Amino acid sequence: MKKKRVLRALKKFTFILGLTFILLEITLGIYTHIKNLKIETPTYTFENTQSFWFDNNKDFGTSHFPNHTYRQKKTCYDVIYKSNSNGFRDKERVIKDSDNRVLVLGDSFIEGVGVSSDDRLSNLLEKEENVPHLNFGIAGNFGPTQYYLLYKTLASNFTHDALLIGILPSNDFIDDDYEINLKASSDRYKPYFVGAYPEYSLIYYQDSIHKSRVHVQKRKPVKKLLKNFTYSYNVLLYLKALIKQSIALKNAQLTTFQAPDYFNYTKEQLNKMKYALEQIKVIAGKRKVMVFTIPTFEEIKTYKKSKNNPLGLEMTAFCKSRGIEFLDLLEVTNGLSIEECEKQFLSCDGHWSEKGNIHAKEWIQSYFDYYR
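Residues numbered from 1 in each chain as written. Predicted model: local features only at pLDDT ≥ 70, side-chain atom pairs only at ≥ 80, totals over all residues. Heavy atoms only, no water.

1. Describing the nonpolar core
Inclusion rule: Within this scheme, the nonpolar core is defined by two criteria: the residues are buried Ala, Val, Leu, Ile, Met, Phe, Trp, Tyr or Cys, and they are joined through side-chain atoms within 4.5 Å. Throughout, exposure labels follow a simple rule: accessible area from a 1.4 Å probe, protein chains only, divided by the maximum for the residue type, with under 20% read as buried, over 50% as exposed, and the rest as partly exposed. Helix and strand definitions follow DSSP, with helices as H or I runs of at least four residues and strands as E runs of at least two, each counted in order from the N terminus. We call two residues in contact whenever any of their non-hydrogen atoms come within 4.5 Å of each other.
Judged by nonpolar contacts, the single largest core of 66 residues is most densely connected at L164 and F292. In terms of residue count, helix α9 (residues 267-284) provides more of this core than any other element does, 7 residues in total. When neighbours within four sequence positions are excluded, F292 is seen to be in contact with I110, L121, L164, I165, G166, I167, L327, L329, W352, I364 and F368. Core analysis: the second largest hydrophobic core is formed by 10 residues, F52, W53, Y77 and V113 among them.

This is the structure in structure tokens:
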């Protein structure tokens, strides 16, 4: 009798636990979609056996695993990313080909997070201009120092006659700041320039790529199951990331409003960006170098209120003095309404939508001499 009572109690407990979990999943699913939470949602498949971004390259850190596929699903998009044999989200490219090719450098906006390959900037330019645009964009906290090292150690080997570089101030200043990252993100393997402009030395943190928190590793079966099939686990990861970000900013003695961006940066942070671009220009030689800055939607709203853009002025003067063409995509929002600007960004993510990529493509085509 006692054994039967225990079994009944166990069955009842299991039923209540299962029902509670189902109700939790339904509640979190509804809440995630209503609030447009910036989390990955369940794919209900076993497609994602591991992540897509790793610290896996000894020269520039963040990279993709070669010939890898990853499906990223959020409330406002469902996209499959595929890397080529060199570990970039691009079609297969030969190293030696016609000189008439453009190399594209940048972070997640250039890689095209949230949109299909065909709908991102580099593919749109390639299709309309009939000129190959080799996409070397990488998401995952990838800044100008890494653009330079990627170009120096790998991308420059591919024949090309021009470079197109997208700068995202809201990420790039902090990505290259060694002091901030030492306090806030010391579990990553990343290169940094340290010292005073222009006498920098290059260091890496950590001292071994294998010590990085995001070095290549496959997900454990239980985590893979939870990641692909539950809202609960993805919401937990989201909350964990928010807490970690809050602690990191506190450790770096910053707040969300003080973190470097288009309007809030130090002279040293700007100098490191300039230095990386200078070094890229040196390697590029006589090839045309085109740089454009990318504002976030929040930065566009701030600009429309203040009309203040010191970064645009400084970058214009700097690029002109170095023989680099420069386009400020913040300035060109003057002719657009807030509603038009908002449509250029993904509602659940903040990256360019299809319209945002088209808008950038049109301005780049009309502005840079290479395309005109």
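2. Quick look at the pattern of salt bridges
Pairs can form between side chains of opposite charge once their charged atoms are near each other. Operational definition: We define a salt bridge as a side-chain nitrogen of Lys or Arg found within 4 Å of a carboxyl oxygen belonging to Asp or Glu.
Counted by the stated rule, this structure contains 18 salt bridges. Notably, a salt bridge pairs K227 with E40, separated by 3.7 Å at the nearest N-O pair. One end of the pair, K227, is in helix α7 (residues 221-229); the other, E40, is in the loop between α1 (2-35) and β1 (54-57), with 187 residues separating them in the sequence. Taken as a pair, K227 and E40 share a single burial class, namely buried. Note that D90 and R120 form a salt bridge whose closest N and O atoms lie 3.8 Å from each other. With D90 in the loop between β4 (77-82) and β5 (102-105) and R120 in the loop between α2 (108-111) and α3 (121-129), this residue pair connects regions lying 30 residues apart in the sequence.

Read these as spatial facts, not as claims about activity.
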